[in-house]
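Here's the letter readout for the chains.
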Amino acid sequence: MKKQFLMGLAVVAAASMLCGFDSAETLDSLAEKMAAAEVDMKSMSMGMDVNLDAALNISDGTNTTNMPITASGSMQMDYTLDPIAMKMTGSMDVAALSEGQTTPIESYMVTGDDGTMTMYMKDPTTGSWQAQSSNTGVNMKELMDTASGQSVSLSDMAEWGLNFELAPEAADVDGVECYQINCTIDSAAFNTILQKSSETTGQDLTADENVSMVLSMLNGIVMNIEYYVDASSYLPTKVHVDFNGSDLSAFNSLIAQSMGSAMGDSAATTTAEIVLNDCTLDMTMGYNTVDEIVIPDEVLAAPAADTVATPAE
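What counts and what doesn't
- Residues numbered from 1 in each chain as written.
- Predicted model: local features only at pLDDT ≥ 70, side-chain atom pairs only at ≥ 80, totals over all residues.
- Heavy atoms only, no water.
- Phe/Tyr/Trp six-rings, centres within 6.5 Å; stacked < 30°, edge-to-face > 60°.
- Helix = DSSP H or I, 4+ residues; strand = E, 2+ residues; numbered from the N terminus.
- Buried < 20%, exposed > 50% of the residue type's maximum accessible area, 1.4 Å probe, protein only.
- Core = buried A, V, L, I, M, F, W, Y, C linked by side-chain atoms within 4.5 Å.
- Contact = heavy atoms within 4.5 Å.
- Polar contact = N/O pair within 3.5 Å; in protein donor to acceptor, adjacent residues only side chain to side chain.

Trainee: How would you summarise the packing of aromatic side chains if you had to cite specific residues and measurements?
Mentor: Within this structure, the stated rule accounts for 3 aromatic pairs. Considering the side-chain rings of Tyr-108 and Trp-129, the 5.8 Å spacing of their centres and the 45 degrees angle between planes classify their relative orientation as tilted. You can see Tyr-108 sitting in strand β4 (residues 99–111) and its partner Trp-129 sitting in strand β6 (residues 129–135), a full 21 residues away along the chain. Each ring, one from Tyr-179 and one from Tyr-234, has its centre 6.4 Å from the other, and the planes form 20 degrees; the classification is stacked. With Tyr-179 in strand β9 (residues 176–186) and Tyr-234 in the loop between β10 (222–230) and β11 (236–242), this residue pair connects regions lying 55 residues apart in the sequence. Taken as a pair, Tyr-179 and Tyr-234 share a single burial class, namely buried.

Here is the structure:
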C-alpha cells in the first residue's frame, strides 16, 4: 500500500510538471502547443486599457508653452467563433489644450456564410446606430477552421525583422504561471516587413507616396511587446505594449516643416515638439466564457450603407 501511495505521488508530480513552466521549451515548440490549444477555443473575451501622457511644447525663442495631451481608454471585447461575431463596449477620455472629452464606444460585428461582414456602430453624439457591410466572397468560418491548429515558426520571423525572445524564467500574471515572449518593433523592422511583403506580392509597396510618408513618421518609433502565455493551457493571457523608448525627432521635424509652411517667416523663431512621457496598451484575455452574442433589435434595425464588394483574389 505504501509503495502504491508513493507511486501515485510520483505520477501526480510528473503530471503537474507537464502542465507547468518548462525551461526547455523553445519559441517554436511553444508556438506549436499554442496552435494546438486554439483548436478547442469557442470564444474569447479581451479587456483593453490604453494610456497616453504627452505634451506639445511650443517656444518663441524666449518663452515655452507646455500643452498637456492625455488619453485613457478602457474597452471590453467579446468574440464567438461559431458563428463569428463580436461585441465591443467602452469609452475613451481625451484631453488636449485644456479641453477634455469622453467618447463612449459601442459596436457589434456579424458575418454571413456568403462572406458578408456587417459592422454596427453607435454614433457617440446622437446615440443612433449605423450599419456598414462588406463582402469578401470568403466564408470566414471555413477560413478560420482551416487556419486553426496551424502554427507559425516564431524563430523564422526574424527574416521579417521580428526578433522574438523567450524569457528563461516563468512570469507571474495575477497568480498564473506564464511563458513570456518579448519582441521589439522599430522602423527598421517596418521597412523589412514591407520589403518582404513586396517580394511576396511582386509589388513595390514602398513606391506608394502615402506608405513612404508613414514610414518617415515612424522613423524613431519603438514598440516594445511583452506577450504572456499560460503555462498550463498554452493560451495567451496578457499582452503589454509600450512606446516609451521612442525617439520622436523625425516626427517633430515633420511638425516643424508643417509650421514653416503655415506660418511663413514667423516660424523662424518658433519651434514645436511632441514630448512622450508614457504610452502603453495592456490587454488581458479569457476563453470559452461567452456562449452567444445577442444583438439588440434596435441595432439590427439600423440603416445600412451600400455593401462594399472586396472579393478575394
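The structure having been displayed, the exposition proceeds.
Trainee: Go over the nonpolar core with me, naming the residues and quoting the values.
Mentor: Counting 33 residues, the largest nonpolar core has Leu-30, Ile-185 and Met-285 as its most contacted members. Breaking this core down by element, the ones donating at least two residues are α2 (27–38), β1 (43–59), β2 (64–81), β3 (84–96), β9, β10, β11 and β12 (271–287). Ranked by residue count, the leading element in this core is α2, at 5 residues. In this view, Ile-185 contacts Leu-162, Phe-190, Ile-221, Val-222, Met-223 and Ile-225; residues no more than four positions away in its chain are not counted. With 10 residues, the next largest nonpolar core counts Ala-131, Val-290, Ile-293 and Ala-302 among its residues.

Trainee: Just give me the short version of the side chain of Asn-57, but keep the residues and values in it.
Mentor: Tracing the backbone shows Asn-57 in strand β1. Of the polar contacts made by the side chain of Asn-57, one reaches the side chain of Asn-66; its length is 2.7 Å. When near neighbours in sequence (up to four residues on either side) are disregarded, Asn-57 contacts Thr-64, Thr-65, Asn-66, Met-67, Thr-271, Ala-272, Glu-273 and Val-275.

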